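For reference, the chains in residue letters:
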Amino acid sequence: MRILRTVADVRSAVRAARAEGRTVGLVPTMGAFHEGHLSLIRAARAGTDLVVVSLFVNPTQFGAGEDLTAYPRDEARDAELAAGAGADILFAPAVDEVYPHGFATSIHVSGITDVLCGATRGPGHFDGVATVVTKLLQIVAPDTAYFGQKDAQQVLVVRRVVRDLDIPVRIEACPIVREPDGLAMSSRNVYLDAGARARAAHINRALDAAEAAVAAGETDAAAVVAAARSVLDAAGIEPEYLELRSAGDLAPVDTVDDAALLAVAARVGAARLIDNRILEAHA
Ligand code: AMP
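Keep in mind that this is a model prediction, so the values were computed, not measured.

Looking at the packing of aromatic side chains
Applying the stated rule across the entire model yields 3 aromatic pairs. Seen in terms of ring centroids, F56 and Y99 are 6.1 Å apart; in terms of plane orientation they differ by 45 degrees. Their pairing is tilted. Highlighted residues: F56 in the loop between β3 (50-55) and α3 (75-85) and Y99 in the loop between α4 (95-98) and α5 (117-121), separated in sequence by 43 residues. For the residue pair F56 and Y99, the accessibility class agrees, reading buried in each case. Ring centres of Y99 and F103 lie 4.9 Å apart, and the angle between their planes is 85 degrees; on these two criteria the pair is classed as edge-to-face. Overall, the relative accessible area of 13% leaves Y99 in the buried class. Aromatic ring contacts, followed pair by pair, group F56, Y99 and F103 into a single cluster.

This is the structure we're talking about:
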């Protein structure tokens, strides 16, 4: 695996692979790798010939007062893990390679960014995500880009950018990878002390409770949300949001019939955690 720092070097590596008729996969990340990241790299390895993993803690998607400076960074460890999972290139640019002096462009997706994390983290978050992902797709020009369903709203934002801007790439959303107790893996889980770590597992249990309610025949959205809410309440977790929305466009839903997204964000100890579950009523 090669570590590349510049846009020009990535372009020439991709050009060489293309000249040999090889397909290209991209896995955008902010590093601090865990099994969730590695599952995306393995999916890219299985699906494409040249696997490019980007490692860039994107400053524009962090709001004021968020954890940009504290965000865990260990490039040497990440490089070893990425290579082990099958990456060919680790693209780890400096901030001024991605945002050179005078950078003035931002991609804004309207509508679906007004809710959930867009509402709680502010509109700048998804502008930062959309802008950096658009740049990575322009730089690497992959056949397929791999994202985790853990960030369900991010997947929708990326799909919308790709569709609206006619970017010729297939977006593959990969399943959420969890710890044995169900906690969704996240680079931010390192912020959890032992007590918070134990409580954090209740986020997934809340989603389980909602899923069980739907499986038992409940289709009323408020009742399904209440089933999840009671698990969070019992664990002393006050969510930033806990909402059931259409999985396709994040419109509010009153009943669960087609695919509905139950999405949750909560601060547990020192970490802000997100998780979600697609719920479907089976008639
Ligand atoms: P991040 O480094 O947190 O920006 O994440 C990079 C990619 O990994 C994103 O597409 C995330 O959705 C994905 N990802 C993060 N955590 C998980 C997880 N637990 N399971 C699956 N994918 C994940």
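Topic: the sheet that holds strand β1 (residues 2-4)
Sheet strands pair by backbone hydrogen bonding; their relative direction is either parallel or antiparallel. Strand order in this open sheet of 6 strands is β1-β4-β3-β2-β5-β6, and the pairing throughout is parallel. The two strands at the open ends of the sheet, each matched to only one other strand, are β1 and β6 (170-174). Within the sheet, the average angular offset between the axes of one strand and its neighbour, ignoring direction, is 25 degrees. Across 3 bridges, the pairing between β1 and strand β4 (residues 89-91) is parallel. Bridge assignment links L4 to a residue of β4, and that residue is F91. Set on the sheet, helix α2 (residues 35-47) makes contact with β2 (24-29), β3, β5 (144-148) and β6; between it and β5 the angle comes to about 155 degrees.

Description of the site of the ligand
For the ligand, the set of nearby residues contains 18 residues, the closest of which are M30, H37, D151, V177 and M185. Contacts to the ligand include G148, whose backbone N or O atom sits 2.9 Å from an oxygen atom. M185 is positioned such that a nitrogen or oxygen atom in its backbone is 2.9 Å from a nitrogen atom of the ligand. Considering the ligand on its own, with 480 Å² of exposed area, one finds that the protein chains cover 93% of that surface.

Description of the pattern of salt bridges
Inspection of the entire model under this criterion finds 17 salt bridges. Close ionic contact of D164 with R163 constitutes a salt bridge, the shortest N to O distance being 3.4 Å. It is possible to trace a salt-bridge network through shared partners that takes in D208, E211 and R277.

Cut-offs and rules
- Here the residue index of a chain counts from 1 through its sequence in written order.
- Per-residue local features are limited, in this predicted model, to residues with pLDDT of at least 70; the limit for side-chain atom pairs, both in listing and counting, is 80 or more; totals at the level of whole chains, interfaces and linings are taken over all residues.
- To get the side-chain values, take all heavy atoms of the structure and skip hydrogens and water.
- Aromatic contacts are taken between Phe, Tyr and Trp rings whose centres are within 6.5 Å, Trp giving its six-membered ring; a plane angle under 30 degrees counts as stacked, one over 60 as edge-to-face, and the others as tilted.
- Helix and strand assignments follow DSSP, with helices taken as H or I runs no shorter than four residues and strands as E runs no shorter than two, numbered in order from the N terminus.
- Buried, partly exposed and exposed residues are distinguished by accessible area as a fraction of the type maximum, computed with a 1.4 Å probe on protein chains only: under 20%, between the cut-offs, and over 50%, respectively.
- Two strands pair if DSSP finds at least two bridges between them.
- Working convention: axes come from line fits to C-alpha atoms, limited for helices to the stretch in contact. Angles between N-to-C directions cover 0 to 180 degrees.
- A contact between two residues is defined here by any heavy atoms of the two lying within 4.5 Å.
- Here, proximity means that at least one heavy atom of the residue falls within 4 Å of the molecule or strand.
- Distance and chemistry together define a polar contact, namely a pair of N or O atoms within 3.5 Å, with one atom able to donate a hydrogen and the other to accept it when in protein, and with adjacent residues in sequence counting only for side-chain atoms on both sides.
- Per-residue and other accessible areas were derived by the Shrake-Rupley procedure at a 1.4 Å probe size, with only the shown protein chains allowed to occlude residues.
- Just to be clear on terms, a salt bridge is a Lys or Arg side-chain nitrogen sitting within 4 Å of an Asp or Glu carboxyl oxygen.

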